[in-house]
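Listed here are the chains, written in short residue letters.
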Amino acid sequence: MIKLFENIGRYFMLLRKVFSRPEKKSIYARRVSFEIEALGFNSISLTAIISAFIGAVVALQMAITLESPFIPKFMIGYATREVMVLEFSSTVVALILAGKVGSNIASEIGTMRITEQIDALEIMGVNSASYLILPKIIATIIFFPILTLFSIVVGIVGGFVIAYCTGMMLTGDYVEGLFYCFEPFSVTYALVKGAVFAFIITSISAYCGYYAKGNSLEVGRASTLAVVASSVTIMIFDLILTQIMRV
Amino acid sequence: MIRADHISKTFEGRTVLDDISVEFDTGKTNLIIGRSGSGKTVLLKSLVGLHDVDSGKIFYDNVCYTDLGFKERKMIRKDIGMIFQGGALLDSSTVRENVRLPLDLFTDMTEGEKRDRVNFCLERVRLVGADHLYPSELSGGMVKRVAIARAIVLNPRYLFCDEPNSGLDPQTSVVIDNLIQEITKEFNITTIINTHDMNSVMEIGEKIVYIHEGHKWWEGSNNDILQSDNPELNDFVFASAMAKRAKSVAK
C-alpha cells in the first residue's frame, strides 16, 4: 500500500516536470507531429480491423438475440450504434491501445533510461521528462478522439455490411436504427473519454518506462506494468466519467 | 577547474563514496581509476550532478554546484559535455540529428550556422560521410566519436567521459584517447575520464586519482604511477605478471 502511494506521488511529481515550460516550442511541435505518426497513424489499421469485426459481431448478436416479432428490426442498428459509441470505440479501443501504444511507450522510454540516453539529455540541460513525454501526451490527446470517431464509423459500417451480406435485415431498417433516438452528446462523451484515456495510457506508460532501472528484463517488466496499470485506471475512469457525464 | 570537497554518498546504507576531496585541473586529462565497484562511476556521476551527494561540496571554477538550484544548475550543464560508456546516442535520430540536438535546443543559430557547426564537429572527430546513419548502423568506435562530437558541439568548458574505451579494440582505444586529449588541449577544457584501461592511464593520464573501496587512495601522474609503492594501486595497475615485470624494468 505504501508502495502504491509512493508511486502515485512520484507519478504526479513526474507530471509536474512534464508540464514545465518547454525549452523551444518549435522543437516540441516537430516532435508532436512525429509522435502523431508513430503513435496515432500506426494504430489506425489495428483500430479499423477490430472495430469492423466488433461492429459486425454486435449486429449479428443483436439480430439473433432480438429475433422476435414484437421487437422492430431497426433496434439492431440502434443497439450497434449505442454499443459502439458508448463503450466499445472509447473504452475497449483504449484498452487495446493500452496494450499496443502503452507497451511501446514504456519500452521505448525504459530502454532510453537503461542505456543512459535520458542521462545524456539531462547532462545537456534538457528537461528529459518534458522533451520525451509531453509530445507523446499531446499527440495522443489530439489523435485518440479521432481514432474513437473513426472506430465508431468503421464499427457501424461493419454492422451494415454484415446486415447486407447475410440478409438478416433490411439495410434501410439498420440505417433507421442508427438515427433512432440519437443523442449527439453521446459522441461528445465518447470523444472526452478518448482524450482522457489517451492521457492515462501515455502518462502512466511513460512513468513506468521513465523509472525503469537495471536491464532489459526490467524494461519488459515496466512494459507489462504499464499495460496493467493503464488498463485498470481506464476502467476506474470509465466508471467515474460515466457517472459524471451520464448520457 | 572542478573541485570536490569532502563528498560522501551512500546507497541504501552502503557507503559508496567516503569523504573524497580532489581537484581536477583545466586543460589536463584527469583520470579516475579503480576496480569495478570501487565507486568511480558514482564519483563521476556525482561530479556531474546525476547523483546528489549526501555531504560535501562540488565546485565548478569556484561556483558551488551543490548549492545551486535547478535553473542555475541548468546553466552550468550547458557548459558540460559528457561521453557515456555506451555512447547514449538517441536511437531514433541520425548521427547529424544527434550532434545537432543541443544546437536546436539551446542556440538561436540559423540553419546554415548549425549545419556548419555540426560539419566542423564531425570533421573534428574524423567522421565524415556518416551523418545520415542511425546509431544501430555504427561501429563501437564510430558511436564513441559521435558521442564526442555531440559533447563538444556547444563548446563545453567541462568534459566528462565514462569509460570511453570500453568495448573497443586497442587501436581504436588509442584513437579515442588521443582525440579526447587533443580536444582538451585545443579548447582548454577540464576533462575527467573514468577508466580502467591501463593504456589510457599510461598514455594520457596527466592527473590520476585512484579510488579504492570508496576512498581516494592515491593521486599523481602517469610518471608517478611507475614509482609508486602503494600496494593497492600496484595490485590494480600491474595486475598481470607481464605488467609487474615491465614495472620492475622501468624502475
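Computed from a predicted model, the values in this text were never measured in an experiment. (Residues numbered from 1 in each chain as written. Chains lettered and ligands numbered in written order. Predicted model: local features only at pLDDT ≥ 70, side-chain atom pairs only at ≥ 80, totals over all residues.)

**A closer look at the overall build of chain B**
Each helix and strand counted, chain B has ten helices and ten strands in total. Taking 251 residues into account, the globule formula puts the C-alpha radius of gyration at 18 Å, and chain B, at 19 Å, falls close to it. Each principal axis of the C-alpha distribution contributes one length, and for chain B these read about 55 × 45 × 30 Å. Per-residue burial over chain B gives 42% buried out of 251 residues. (Helix = DSSP H or I, 4+ residues; strand = E, 2+ residues; numbered from the N terminus. Rg over C-alpha atoms; globule rule 2.2 N^0.38 Å. Buried ≥ 20, exposed ≤ 12 C-beta atoms within 10 Å, placed from the backbone.)

**Here's the deal with helix 9 (residues 216–245) of chain A**
Think of an α-helix as 3.6 residues a turn; residues three or four steps apart then line up on the same face. Residue and element names in this part refer to chain A. For helix 9, with 30 residues, the first-to-last C-alpha span of 42 Å sits near the 44 Å given by 1.5 Å per residue. Regarding helix 9, the residues found buried are Val219, Ala222, Ser223, Leu225, Ala226, Val227, Ala229, Ser230 and Ile234. Tucked inside the fold, the buried residues of helix 9 contact helix 4 (74–114) and helix 8 (185–210). (Expected span 1.5 Å × (residues − 1). Contact = placed C-beta atoms within 7 Å.)

**So, the interface of chain B and chain A**
The partner chain A presents 13 residues to the 15 residues of chain B that form the contact. Secondary-structure elements contributing two or more residues to the side of chain B that touches chain A are helix 2 (70–77), strand 6 (80–83) and helix 3 (95–106) of chain B. With four residues, helix 3 of chain B is the largest single contributor of residues to the side of chain B that touches chain A. Along the lines of polarity and charge, the residues of the side of chain B that touches chain A split into ten nonpolar, one polar and four charged. (Nonpolar A, V, L, I, M, F, W, Y, C, P; charged D, E, K, R; others polar.)

**Quick look at the nonpolar core**
Within the largest apolar cluster, 129 residues are counted, with the highest numbers of intra-cluster contacts made by Ile201 and Cys208 of chain A together with Met82, Val146, Ala147, Ala149 and Phe160 of chain B. By residue number, the principal contributor to this core is helix 4 of chain A, which donates 16 residues. Contact partners of Phe160 of chain B, with chain neighbours within four places excluded, come to Leu44, Val48, Ile80, Met82 and Ile192 of chain B. (Core = buried A, V, L, I, M, F, W, Y, C linked by C-beta atoms within 7 Å.)

**Regarding the pairing of strand 9 (residues 207–212) of chain B**
Residues and elements named next belong to chain B. Summarising burial for strand 9: five of the six residues are buried, a large majority. Summarising the sheet, strand 3 (residues 29–33) and strand 9 pair through four bridges and their orientation is parallel. If you follow Ile33 over to strand 9, its bridge partner there is Tyr210. Sheet topology places strand 9 next to strand 10 (residues 215–220); five bridges connect them, and they run antiparallel. If you follow His212 over to strand 10, its bridge partner there is His215. (Pairing = 2+ DSSP bridges.)

**Some details on the pairing of strand 1 (residues 2–11) of chain B**
Residue and element names in this part refer to chain B. By the bridge criterion, seven bridges tie strand 1 to strand 2 (residues 14–24) in an arrangement that is antiparallel. Looking at the pairing, Ile2 lines up with Phe24 of strand 2. Hairpin connection, strand 1 to strand 2: the antiparallel pair is bridged by two residues, and Glu12 has positive phi, about 45°. With five bridges connecting them, strand 1 and strand 4 (residues 55–60) associate as antiparallel partners. From the neighbouring strand, Ala4 faces strand 4, where its bridge partner is Ile58.

**Considerations on unusual backbone geometry**
Residue and element names in this part refer to chain B. A positive phi angle, near 45°, is found at Glu163, a position not held by glycine. With a phi close to 45°, Glu213 is a non-glycine residue in the positive phi region. Counting through the fold element by element, Glu213 comes out in the loop between strand 9 and strand 10. Accessibility expressed as a C-beta count within 10 Å gives 14 for Glu213, which makes it partly exposed.

**What about the sheet that holds strand 6 of chain B?**
Residues and elements named next belong to chain B. Strand order in the open sheet formed by six strands is 6-7-8-3-9-10, with mixed pairing between adjacent strands. The sheet is open, and its two edges are formed by strand 6 and strand 10, each paired on a single side. The average undirected angle you get between the axes of adjacent strands in this sheet is 20°. In terms of strand pairing, strand 3 meets strand 8 (residues 190–194) through four bridges, oriented parallel. Bridge pairing in strand 8 places Asn30 opposite Ile192. Contacting strand 3, strand 6, strand 7 (158–162), strand 8 and strand 9, helix 1 (residues 40–48) runs over the sheet at an angle of about 150° to strand 8. Seen against the sheet, helix 5 (residues 140–152) touches strand 6 and strand 7 and runs at an angle of roughly 170° to strand 6. (Axes fitted to C-alpha atoms, helices over the stretch in contact; angles between N-to-C directions.)

**With respect to the packing of helix 4 of chain A against helix 9 of chain A**
Residue and element names in this part refer to chain A. Between helix 4 and helix 9, the least distance of the axes is 8 Å, while the angle of their chain directions is 145°. In terms of crossing hand, the pair formed by helix 4 and helix 9 is right-handed. Between helix 4, through Thr91, Ala94, Leu95, Ala98, Gly99, Gly102, Ser103, Ala106, Ser107, Gly110, Thr111 and Ile114, and helix 9, the contact on the second element is made entirely by Glu218, Val219, Ala222, Ser223, Ala226, Val227, Ser230, Ser231, Ile234 and Asp238. Its residues assigned to classes, the contact of helix 4 with helix 9 shows ten nonpolar, ten polar and two charged. (Left-handed = near helix turned anticlockwise from the far one by under 90°.)

**What to know about the sheet that holds strand 2 of chain B**
An order of 2-1-4-5 (chain B) is seen for the four strands of this open sheet, with the pairing classed as antiparallel. Each having just a single partner strand, strand 2 and strand 5 (63–64) of chain B make up the two edges of the open sheet.

**Considering the confidence of the model for chain B**
All names here are of chain B. In the predicted model, chain B carries a mean pLDDT of 90, and 99% of its residues have values of at least 70. Ranking the elements of chain B by mean pLDDT puts helix 10 (residues 241–250) last with 71 and strand 8 first with 95. Under the prediction, the complex receives an ipTM of 0.84, its pTM being 0.86. (pLDDT = per-residue confidence, 0-100.)

**A look at the confidence of the model for chain A**
Per-residue pLDDT for chain A has a mean of 91; in total, 100% of the residues score no lower than 70. Taken element by element, chain A is modelled with least confidence in helix 7 (residues 171–179) of chain A, mean pLDDT 89, and with most confidence in helix 8 of chain A, mean pLDDT 96.

**Here's the deal with the environment of Met1 of chain A**
Counting through the fold element by element, Met1 of chain A comes out in the segment before helix 1 (2–18). Taking the C-alpha atoms as reference, Met1 of chain A lies 27 Å from Ser216 of chain A; in sequence the two are 215 residues apart.

**A closer look at the packing of helix 3 (residues 44–65) of chain A against helix 6 (residues 128–166) of chain A**
Residues and elements named next belong to chain A. Their axes nearest at 7 Å, the elements helix 3 and helix 6 cross at an angle of 45°. Overall, the two elements helix 3 and helix 6 adopt an arrangement that is oblique. Between helix 3 and helix 6 lies a crossing whose hand is right-handed. Here Thr47, Ala48, Ser51, Ala52, Phe53, Ile54, Gly55, Ala56, Val58, Ala59 and Leu60 of helix 3 come into contact with helix 6, specifically with Leu147, Phe150, Ser151, Val154, Gly155, Ile156, Val157, Gly158, Gly159, Val161, Ile162 and Ala163. When the residues that make up the contact of helix 3 with helix 6 are grouped by side-chain class, the tally is 16 nonpolar, seven polar and no charged. (Parallel < 35°, antiparallel > 145°, perpendicular 65-115°, else oblique.)

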